[in-house]
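# Architecture at a glance
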Amino acid sequence: MLNKISAYVILNVKSLLKDKIPFIWSILLPLIMYVLNREQIYKESDLTYWWIYMILCSYIYGVGLYALELKEDGSLRTIFSIDNSPVNFFLGNLMTQIVFCIISVSLFNLVVIWEKKFSFFVITAYSLIAIILCIPCAFFGFGFTLIRKVHANTIKTIFSILIFGMFMLLNTTSNLNKYNPMFYISKILIDQSLYNIILYAAASICSIVLGIIGILKFNPNSNERR
């Protein structure tokens, strides 16, 4: 099983290296937003919003939406003819995105450390915890594969608008943050109150259950379109 998962990781990494624009953009956009708001950053934990944004994008785009895109292209029929295991496919994509998150977030952190003189160990610890805390979001993203008769590009466009809008809301005092998942994920990193822990645990369990259902029901064949 480990050999099959590592094979998926190697395949995905090679694909990422061929298409460098998404990798560059995943770091460049948060850096631009950081530069615009750097005067409001006083300590390492203030970077939580940026980490969560980068990590969520990686998990959602790189796991659930990536599976949908491959499915629509018909690529998965070849892959699954070799290894007919949705579990290995999911875990391979998840491990790829964890590696991707570590690299992209670390590069972002290096720029911030150089500019703000923050502690390398503190900022690294916070960001690694954020990567782990967001793993249930990868399961949630794979739940997109349960959606029928909707193009992957449509879901991707809707999600892009939503997640960027949620990211912009984080730096405001708007009451809309009560409905902002990114706000609550960020809270658990900096405020481990009982309420936040229970809320995070409940949302994580729901996301993981949804993802498991998506994995068990996953069909690599493209949906027929007229």
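Before reading on, note that the structure itself is shown above.
Residues numbered from 1 in each chain as written. Predicted model: local features only at pLDDT ≥ 70, side-chain atom pairs only at ≥ 80, totals over all residues. Heavy atoms only, no water.

## Things to note about helix H8 (residues 152-170)
Using the following cut-off: Strands here are runs of E lasting at least two residues and helices are runs of H or I lasting at least four, both read from the DSSP assignment and numbered beginning at the N terminus. By this rule, a helix spans an expected 1.5 Å times one less than how many residues it contains. Remark: exposure states derive from per-residue accessible area (1.4 Å probe, protein chains only) relative to the maximum for the residue type, with buried under 20%, exposed over 50%, and partly exposed in between. Along the arc lie the directions from the helix axis toward the C-beta atoms.
With 19 residues, H8 should reach 27 Å at 1.5 Å per residue; the first-to-last C-alpha distance of 27 Å fits that figure. Burial in H8 covers these residues: Ala 152, Ile 155, Phe 159, Ile 163, Met 166, Phe 167 and Leu 170. Take H8 and look down its axis: the buried residues cluster within an arc of 95°, on one side only. Away from the buried face of H8 by more than 90 degrees, exposed residues Asn 153 and Ile 161 are located.

## Focus: the state of the cysteines
Condition: In what follows, a disulfide is any cysteine sulfur pair within 2.5 Å.
Within this structure, the stated rule accounts for 0 disulfides. Not engaged in a disulfide, the cysteine Cys 134 finds its nearest cysteine sulfur in Cys 137; these two sulfurs lie 5.0 Å apart. For Cys 134, a relative accessible area of 0% translates into the label buried.

## A closer look at the nonpolar core
Spelled out, the test is: Grouping buried Ala, Val, Leu, Ile, Met, Phe, Trp, Tyr and Cys residues that are joined through side-chain atoms within 4.5 Å yields what is termed a nonpolar core. Note on contacts: a residue pair is in contact if any heavy atoms of the two residues lie within 4.5 Å.
The biggest cluster of nonpolar side chains holds 60 residues, and the ones touching the most others in it are Leu 47, Trp 51, Ile 55, Tyr 59, Phe 89, Phe 108 and Met 182. Elements with a minimum of two residues in this core: helix H2 (20-37), helix H3 (48-73), helix H4 (75-82), helix H5 (86-116), helix H6 (120-133), helix H7 (135-142), H8 and helix H9 (181-190). Ranked by the residues each element gives to this core, the list is headed by H3, at 16 residues. If we ignore the near neighbours within four places in the chain, the residues touching Trp 51 are Glu 44, Val 105, Phe 108, Asn 109, Ile 123, Tyr 126, Ser 127, Ala 130 and Leu 189.

## Quick word on the environment of Leu 210
With respect to the secondary-structure elements, Leu 210 resides in helix H10 (residues 194-216). Remark: the alpha-carbon pair of Leu 210 and Ile 161, spanning 49 residues in sequence, is separated by 22 Å. Beyond its immediate chain neighbours, meaning those up to four positions away, Leu 210 contacts Phe 139, Phe 140, Gly 143 and Leu 146.

## Some points on the side chain of Ser 58
To keep things clear, this is the line we draw: We define a polar contact as two N or O atoms separated by no more than 3.5 Å, with the added condition that, inside protein, one atom must be a possible hydrogen donor and the other a possible acceptor, whereas residues neighbouring each other in sequence contribute only through side-chain atom pairs.
Within the secondary structure layout, Ser 58 lies in helix H3. In this structure the side chain of Ser 58 is engaged in a polar contact, spanning 3.1 Å, whose partner is the backbone oxygen of Met 54. If near-sequence neighbours (up to four positions away) are discounted, Ser 58 is found in contact with Val 63, Gln 97, Phe 100 and Cys 101.

## Overview of H9
Here H9 has its buried residues at Met 182, Ile 185, Ser 186, Ile 188 and Leu 189. Buried residues of H9 fall within an arc of 155° about the axis and therefore sit on the same side. On its buried face, H9 is in contact with H3, H6, H7, H8 and H10. In this structure Asn 180 caps H9, since a side-chain oxygen of it lies 3.0 Å from the backbone nitrogen of Met 182.

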